[in-house]
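# Coordinate analysis (summary)
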Amino acid sequence: MSRLINEDGVSGELDSLYIYFADRESLNDPLEGYKNIFFSGDKIIWRNLLKHYTRCLTNDCYLYLTSTNGNTLKSEIDIFASKTDSHSSKNELNNRIMHRLDSEPGLAQYIELLGNNRKISRPELIGHLNLVHTVVLSAILNTLQEHNTSKEPTSFFSERAAEHMNKIRLLVRNVLEAEPSSRSLQDIMESSYLLTLELQLRNRHYANISAEKEHWAYLLFEYPESYCMSLDKLIYPDWYVACFMESCTDSSIWGTYGGNHQDVCLIFRVEEFDGRPSIKLNCPAGLRDEEIVYEKMNIPLEKVTYDQDFIDVDFFRSLGQLSMPKINEWYFSEDGDPSICAEDMQLDIDAWRNKYWDNYRNSSKIKLKAWDREQEWRVTFHSNIHDLSNRELRKFKFEFDSLEGIIFGINTTMNDKLKLIKKIESLCSLHKRAKFNFYQATYNATTKDIKHFLLSHIQVGHQD
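The sections below set out a description of the structure shown in this document. Residue indices begin from 1 for each chain and proceed along its sequence in written order. Whole-chain, interface and lining totals are the exception, using all residues; otherwise, since this is a predicted model, local features are given only for residues with pLDDT of at least 70 and side-chain atom pairs are given and counted only at 80 or more. Computation of side-chain values covers all heavy atoms of the structure but excludes hydrogens and water.

### Some details on the overall build of the protein chain
- Secondary structure elements are taken from DSSP: a helix is a run of H or I of four residues or more, a strand is a run of E of two residues or more, and numbering for both begins at the N terminus. Tallying secondary structure elements over the protein chain gives 12 helices and 16 strands in all.
- Dimensions of the protein chain, computed from the C-alpha atoms along their principal axes, are close to 85 × 50 × 45 Å.
- Each residue's exposure class comes from its accessible area (1.4 Å probe, protein chains only) as a fraction of the maximum for that residue type: buried when under 20%, exposed when over 50%, partly exposed otherwise. For the protein chain, the residues scored as buried account for 46% of the 464 residues in total.
- To be clear on the numbers: accessible area is Shrake-Rupley with a 1.4 Å probe, and residue cover counts the displayed protein chains and nothing else. Roughly 24900 Å² of accessible area belongs to the protein chain as shown, and the carbon and sulfur atoms make up 50% of that amount.
- Mean positive and mean negative side-chain charge positions of the protein chain (54 and 69 charges, respectively) differ by 2 Å. Within this scheme the basic residues Lys and Arg register as positive and the acidic residues Asp and Glu register as negative, but His and the chain ends are omitted. To locate a charge, take NZ of a lysine, CZ of an arginine, CG of an aspartate or CD of a glutamate.

If you want it as C-alpha cells, here you go:
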C-alpha cells in the first residue's frame, strides 16, 4: 500500500501507473541470475588475466596513494580498465610492473600450470589470486616508489612477496610431481579461499583499523575476491526485473510479500504478442539530445523454472561486454599469437552470439526448487546504451487497461480500501474506463488456501 498511493498523488505506482523494475542485488534471493562461471584457457589468456588484474590493482593503489583522504575511495573496481583507453604514461607504468613480474620464472611456470584448459571455478580462481596477490602488490609498490608516487615502505611487501613466491614454486613442483591419489589443485585452492574468508573476518574483527586505513586494508586482504566478483560485468549487462505470480492462493506468500495480508494484489491482463505472453510497457528505446526516449513495447513474460541446473558460462569465451580492441587485449599475446579462446568467436560469430544471449536469458529465469511455490513469471529488461542505475529511470509506465483488478488482503484496512477505490474512480474517469473489478481475499476451509471473490456491489467506472 505504501508504494501504490502517495500523498503527492504522483509518485506512487498507481498514481502514475508504473511498474518498478528492481536491480538484481535488491531481490530477496542472493542466487538471482546465478551462473556457474568457470575459467578455462591456455597460457596466453591466463597471462592476460594476470595483466588485467595487475592493471586494476595498480589503478586502485595509485588512487589511494595520491588521494588526500583515502577513506573516501570506493571499493569498486574499474573492471573495464584497459590499455585501449589508458594514457600512454599509465600503459608504460603497467609495462614496467609486468616486466618486474616477468623476472620471476616461478610466476611464468604458475601461469603455464593454469593454462592447461582445465575448468577452474570462481572459488579456485580467488584462491590462486590470493596466492599471487602479494607478489603483484609488491611489484606495483616498488615501481610506484621508483616513480616517487609511493612513500609506503616496501621492504615488508618484498619479504612477503618472496615468501609467496616460494609457496608458488613449491605448489608448482608438488602438482607436477603429485601422485594420482594426492589432493587436486582445485581442492587445495578452494580450501585456501574458504580459509581466506575466515581470516578476512578475523583481521577486521581484531585489527584496530582507522577510517583512513580501511581502504588500505581492503587493498591488502580483500582485493582478489572483489576483483573476481567484478569480472561478471565483462560478460553480461545488468538486468532489471518485475515479478508476477500465476496465482495468489498461498497464505505464506501473502504474509511475506503482502505485508501480513494487509497489502493488496494487482491483477494484470496478459496479451499475446508474436505467440508469447506479454505486457505493454513504456520502456527506454533510444536517446534524443542525451535524454532517454521511452516507447511502448510488448515485453514478453518469461516463466521461471525451478527444476533446472544453473547455466554454465565459460568466462574467457563470453566477453560480450567488451569492444573488439579490448577483447583483443585478452585474446592475443604481446607477439600477436591468438589464444584458443578466440576460436568460437572467430569461426562463427552468429553461433557464438546466439549461445551468448541464450545463456543470458536463461540465467535470469532459473531459481532453486525452494522457491517454486511462487509460480513466478517475470519481465526482465536490459540496455546496452542506457545507464539505468538510477531508480527513477526504471519506473516503466503501463496502460490503465492492463490493470484488470485489485484483490484486497484479508487484513487490508478499511481506510486503505477506501483510498484505493477513490484512486481507481479518478483513474477510470481520466481514462474513460467503464468498469474496474475489486476482489476480497479470504481463507477457504475446504481447500485450505486463500481464495478471492468479486466485490460485485462495488460499482466503479466512468459513466458517459
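### With respect to the sheet that holds strand 12 (residues 376-381)
- DSSP-based pairing: two strands are paired if at least 2 bridges between them are found. Here we have four strands laid out as an open sheet, ordered 2-5-12-10, and antiparallel in their pairing. Across the chains shown, the open sheet's two edge strands, defined by having one partner strand only, are strand 2 (22-23) and strand 10 (302-303).
- Relative to strand 12, strand 5 (residues 240-245) runs antiparallel, the two sharing six bridges. Each residue of the ladder has a partner; that of Met245, found in strand 12, is Glu376.

### Regarding the packing of helix 1 (residues 43-66) against helix 2 (residues 88-102)
- Angles run from 0 to 180 degrees between N-to-C directions of axes, and those axes are lines fitted to C-alpha atoms, restricted for helices to the stretch in contact. Following both chains from N to C, one finds helix 1 and helix 2 inclined at 125 degrees, their axes separated by 10 Å at the closest point. Our classification of the angle between helix 1 and helix 2 gives oblique. Considering only the axes of helix 1 and helix 2, their crossing is right-handed. Judged by residue contacts, Arg47, Lys51, Thr54, Arg55, Thr58 and Asn59 of helix 1 engage Lys90, Asn91, Leu93, Asn94, Ile97, Met98, Leu101 and Asp102 from helix 2.
- Residues are sorted three ways: Asp, Glu, Lys and Arg are charged, Ala, Val, Leu, Ile, Met, Phe, Trp, Tyr, Cys and Pro are nonpolar, and all the rest, Gly among them, are polar. Within the contact of helix 1 with helix 2, the residues separate by chemical class into four nonpolar, five polar and five charged. In this scheme, roughly parallel covers angles under 35 degrees and roughly antiparallel covers those over 145, while 65 to 115 is roughly perpendicular and the rest are oblique. Should the near helix be turned anticlockwise from the far one by less than a right angle, the crossing is left-handed, and should it be turned clockwise, the crossing is right-handed. In this description, contact between two residues means that some pair of their heavy atoms is separated by no more than 4.5 Å.

### Details of helix 11 (residues 349-363)
- By this rule, a helix spans an expected 1.5 Å times one less than how many residues it contains. Between its terminal C-alpha atoms helix 11 stretches 21 Å, which fits the 21 Å expected from 15 residues at 1.5 Å a residue.
- Inspection of helix 11 places Trp352, Tyr356, Asn359, Tyr360 and Ser363 among the buried residues, and these make up the whole buried set. Viewed along the axis of helix 11, the buried residues span an arc of 100 degrees, placing them on a single side of the element. Note that the arc is computed from the directions linking the helix axis to the C-beta atoms.

### Some details on the packing of aromatic side chains
- We call Phe, Tyr and Trp rings a pair once their centres come within 6.5 Å, taking the six-membered ring for Trp, and we label the pair stacked below 30 degrees between planes, edge-to-face above 60, and tilted otherwise. Tallied over the entire structure, the rule returns 23 aromatic pairs.
- Where Phe39 meets Phe316, the ring centres are 5.9 Å apart and the plane angle is 75 degrees; that geometry is what we call edge-to-face. Remark: Phe316 occurs in the loop between strand 11 (311-314) and helix 9 (324-331) and Phe39 occurs in strand 3 (residues 35-39); sequence separation between them is 277 residues. Comparing Phe39 with Phe316, the two get one shared label, buried.
- These aromatic residues form a ring-pair network of at least three members: Phe39, Trp46, Phe315, Phe316 and Trp330.
- A positively charged side chain is recorded as over a ring if its NZ (Lys) or CZ (Arg) lies within 6 Å of the ring centre. The angle to the ring normal must also be within 35 degrees. For Lys119, the ring lying beneath its charged end belongs to Phe38, and the centroid distance is 4.5 Å.

Any functional reading would require information that these geometric values do not contain.
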